[in-house]
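Each chain, written out:
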Amino acid sequence: MPRPSTEAEYLASLIPPSVRATAMSRRTLFRGALGLSAAAGLAACGGGGNSGGSGGGGGGGGKPGGTVTWGTNESGTTFAKQFQAEAKDFTAKQGVQVKINAVEHNTFQENINNYLQGSPDDVFTWFAGDRMKFFAQRGLIGDVSDVWPLQGIPDSFKQASTGEDGKQYFVPQSYYPWAVFYRKSLWKERGYQPPKTLDELTTLAKKMQQDKIIPIAFADKDGWPAMGTFDALNLRINGYQFHIDLMQGKKNWDSAEVKKVFDTWRSLMPYHQPDSLGRTWQEAAQSLQQKKTGMFLLGTFMNEQFPENEREDIDFFTFPEIDPAIGADAIDAPIDGHCMSARPKNEAAAKAFLKYLASPDSLKAAYSATKLGFISANTGADTSVYNSLQKKSAELVSQAKNISQFLDRDTRPDFASTVVIPAFQSFIKNPADVDGLTRSLEQQKKSIFAG
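Quick summary incoming for the structure in this document. The model shown is predicted, which means the values in this text are computed figures rather than measured ones. (Residues numbered from 1 in each chain as written. Predicted model: local features only at pLDDT ≥ 70, side-chain atom pairs only at ≥ 80, totals over all residues. Heavy atoms only, no water.)

1. Points about the overall build of the chain
Note the cut-off: For helices the rule is a DSSP run of H or I covering at least 4 residues; for strands it is a run of E covering at least 2, with both sets numbered from the N terminus onward. To sort residues, take the accessible area from a 1.4 Å probe on protein chains only and compare it with the maximum for the residue type: under 20% means buried, over 50% means exposed, and anything in between is partly exposed.
In terms of helices and strands, the chain carries 19 helices and 12 strands. Taking all 451 residues of the chain together, 61% fall into the buried category.

Below, the structure is given as structure tokens:
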């Protein structure tokens, strides 16, 4: 499943009264779960159609009827085709019509706050962690506790779907790790080997430059991709617990530890694709596909930018070790899925549809339509449809000692949007003043976290 969005996504009045960051280790999040299976426009989208039933009713009982509306953040993409196939399959199985209100991804994200306060669809795509908790706290997402337990979805995923009040507001469908991706054929041709340390990464990057290849594809036009670089470096330099404490406001952004992260990042910038603030992640992934760049730190959703006959040529390695005492066994692995609106017009059908989306059948339908599956959160999913990249991704996540959700899912949404995004983009533009950057980050953190 995809994870692209823009800075404006975060700027729609996302000022929560209090949001506690979600932090999960492999032992609590993925225990037993993985192995290989492990605005006006938006407002007009909601509601609409013949909804059949009228609220009431939970996940049990007989088959629901009528129509359920589904707000999705994909239009005209491979993932949109997957959603269409899932809707068709659910209708065939349950007799419930699914009306998809497909909105271009960035538009959906940018207007999510107004969308949920207007006439939202019965079910809509969203994310686990603080991004879900924020809207749950404001009463804009429906309680789906009676949908749980979900067959094949372990209790560990339930924790990531739970709000501050102990109720469930989210149903997971997929997850994906962040790693460093490359083309096997190019690396074999050039004799490159995956680096295990930062020094080896730097040496490899210099060799790529000698070969007239831009070492590291990089893009931050959308505001969030650079967060993945910060996460990777912070996890390697300062460790998982420091990273989570920093996200929760318990550590200082102007500390020596964080300054070292930015200093290390700055040392890698000569190997980054230039002019990244004007480039989307899709364009950066296409440069990797075209063999103009040598590697790219992103989530596995980047494979959508590769033709089907080239996807088996994608491989990856986890970001290399920087400090032997810290190691390289912590990764970002966000969870995507769905929520129900606070006042669905067909609650029974909405909850039945949420159950379907979390089931192995949804993966089967998605794959049948596109020949590209997703890494299912359901342990009962048929992993034979996974390509080699997805199988390796599932293995990576299952073997990770600690797993974070991603910077903007592990911290307050308002801090991520109004502080981190502009600060990181300012750093990319002019990386000279790390002291001033970190001082500003800490000052703004104190102001926001005190609110």
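2. So, the pairing of strand 5 (residues 171–175)
The condition is simple: The pairing criterion is simple: DSSP has to find at least two bridges between the two strands.
With respect to burial, strand 5 is a largely interior element, five of its five residues being buried. One ladder, built from four bridges, connects strand 5 with strand 11 (residues 335–340); its direction is antiparallel. Its bridge partner lying in strand 11, Tyr175 is registered against Ile335.

3. Details of the pairing of strand 2 (residues 67–72)
We apply this condition: Consider the strands pointing away from the viewer: the crossover is right-handed when the path from the first strand over the helix to the second runs clockwise.
The buried count for strand 2 comes to six of six residues, which makes it a mostly enclosed element. Side chains Thr67, Thr69 and Gly71 of strand 2 all project onto a buried face; the interleaved residues Val68, Trp70 and Thr72 project onto the opposite face, where all are buried too. Bridge analysis of strand 2 against strand 3 (residues 97–102) gives six bridges, and the strand direction is parallel. The residue of strand 3 that forms the bridge with Gly71 is Asn101. In this fold, the crossover linking strand 2 to strand 3 by way of helix 3 (residues 78–94) has right-handed handedness. Here strand 2 runs beside strand 4 (residues 123–127); their pairing, made up of two bridges, is parallel. Bridging across to strand 4, Trp70 finds its partner in Val123.

4. Some remarks on the environment of Asp263
Here Asp263 shows up in helix 12 (residues 256–268). Classification of Asp263 by relative accessible area gives partly exposed; the value is 33%. Put simply, Asp263 and Pro431 are 168 residues apart on the chain and 8.6 Å apart in space, counted from C-alpha to C-alpha.

5. Concerning unusual backbone geometry
Leaving glycine aside, a negative phi is the common case for residues, and trans is the common case for peptide bonds. Between Trp148 and Pro149 the backbone carries a cis peptide bond, its omega angle lying at -5 degrees. Mapped onto the elements, Pro149 comes out in the loop between helix 6 (130–137) and helix 7 (155–160). At Lys212, a position not held by glycine, the phi torsion is positive, near 65 degrees. Take Lys212: its relative accessible area is 75%, and that puts it in the exposed class. For Phe406, which is not glycine, the phi torsion reads 140 degrees and is therefore positive. Of the residues examined, Phe406 reaches a relative accessible area of 0% and is grouped as buried.

6. Some points on helix 10 (residues 225–237)
Here is the rule we go by: In this scheme, a helix's expected span is set at 1.5 Å multiplied by one less than its residue total.
Taking 1.5 Å per residue, 13 residues should reach 18 Å; helix 10 reaches 19 Å between its end C-alpha atoms and fits that length. Of all 13 residues in helix 10, 13 are buried, a share of seventy percent or more. In the stretch just after helix 10, Gly239 is the one whose phi turns positive, near 90 degrees.

7. Topic: the environment of Tyr115
Worth spelling out the cut-off: Throughout this description, a polar contact denotes any pair of N or O atoms lying within 3.5 Å of each other; where both atoms belong to protein, one of them has to be capable of donating a hydrogen while the other can accept it, and for residues adjacent in sequence the pair is counted only when both atoms sit in side chains.
Following the sequence through the fold, Tyr115 ends up in helix 5 (residues 112–117). Judged by relative accessible area, Tyr115 falls into the buried class, the value being 1%. In the structure, Tyr115 is positioned 44 residues away from Gly71 in sequence and 9.9 Å away in space, judged by C-alpha atoms. A polar contact of 2.6 Å, which involves the side chain of Tyr115, links it to the side chain of Asp121.

8. Observations concerning the packing of helix 3 against helix 15 (residues 360–370)
Helix packing geometry: the angle between the two helix axes and the distance between the axes. Stated formally: Only the stretch in contact is used when a helix axis is fitted, and all axes are lines through C-alpha atoms; the angle between N-to-C directions ranges over 0 to 180 degrees. An angle below 35 degrees is read as roughly parallel, one above 145 as roughly antiparallel, one from 65 to 115 as roughly perpendicular, and any other as oblique. Crossing handedness: left-handed means the near helix sits turned counterclockwise from the far one by under a right angle, and right-handed means the same turn made clockwise. Pairs of residues are marked as contacts when any of their non-hydrogen atoms sit within 4.5 Å.
One can describe the packing of helix 3 onto helix 15 by two numbers: an axis separation of 8 Å at closest approach and a directional angle of 125 degrees. As far as their axial angle goes, helix 15 and helix 3 are oblique. Judged by the twist between their axes, the crossing of helix 3 over helix 15 is right-handed. Here Thr78, Lys81, Gln82, Ala85, Glu86, Asp89 and Lys93 of helix 3 come into contact with helix 15, specifically with Asp361, Ser362, Ala365, Ala366, Ala369 and Thr370.

9. A short note on the side chain of Asp220
Take Asp220: it is sitting in the loop between strand 7 (214–217) and helix 10. With a relative accessible area of 0%, Asp220 lands in the buried category. Setting aside anything within four residues of it in sequence, one finds Asp220 in contact with Pro225, Ala226, Ser276, Leu277, Arg279, Gln425 and Ile428.

10. Remarks on the packing of aromatic side chains
To be explicit about the condition: In this analysis, rings of Phe, Tyr and Trp, with Trp reduced to its six-membered ring, are considered paired at centre separations within 6.5 Å, and the interplanar angle assigns stacked below 30 degrees, edge-to-face beyond 60, and tilted for intermediate values. Here, over-ring charges are defined by two tests on the NZ atom of lysine or the CZ atom of arginine: distance to the ring centre within 6 Å, and angle to the ring normal within 35 degrees.
This structure, assessed with the given rule, holds 32 aromatic pairs. Measuring from centroid to centroid gives 6.1 Å for Trp224 and Phe301, while their planes differ by 65 degrees, and the two rings are edge-to-face. One end of the pair, Trp224, is in the loop between strand 7 and helix 10; the other, Phe301, is in the loop between strand 8 (293–299) and strand 9 (314–317), with 77 residues separating them in the sequence. On the basis of relative accessibility, which here comes to 2%, the residue Phe301 falls in the buried class. Members of the aromatic cluster, joined through ring pairs, are Phe230, Trp253, Phe262, Trp265, Phe415, Phe424, Phe427 and Phe449. For the cation-ring pair, Lys392 lies above Phe316, with the distance from its terminal atom to the ring centre recorded as 4.9 Å. If you follow Arg412 out to its NZ or CZ, it ends over the ring of Phe449, 5.5 Å from the centre.

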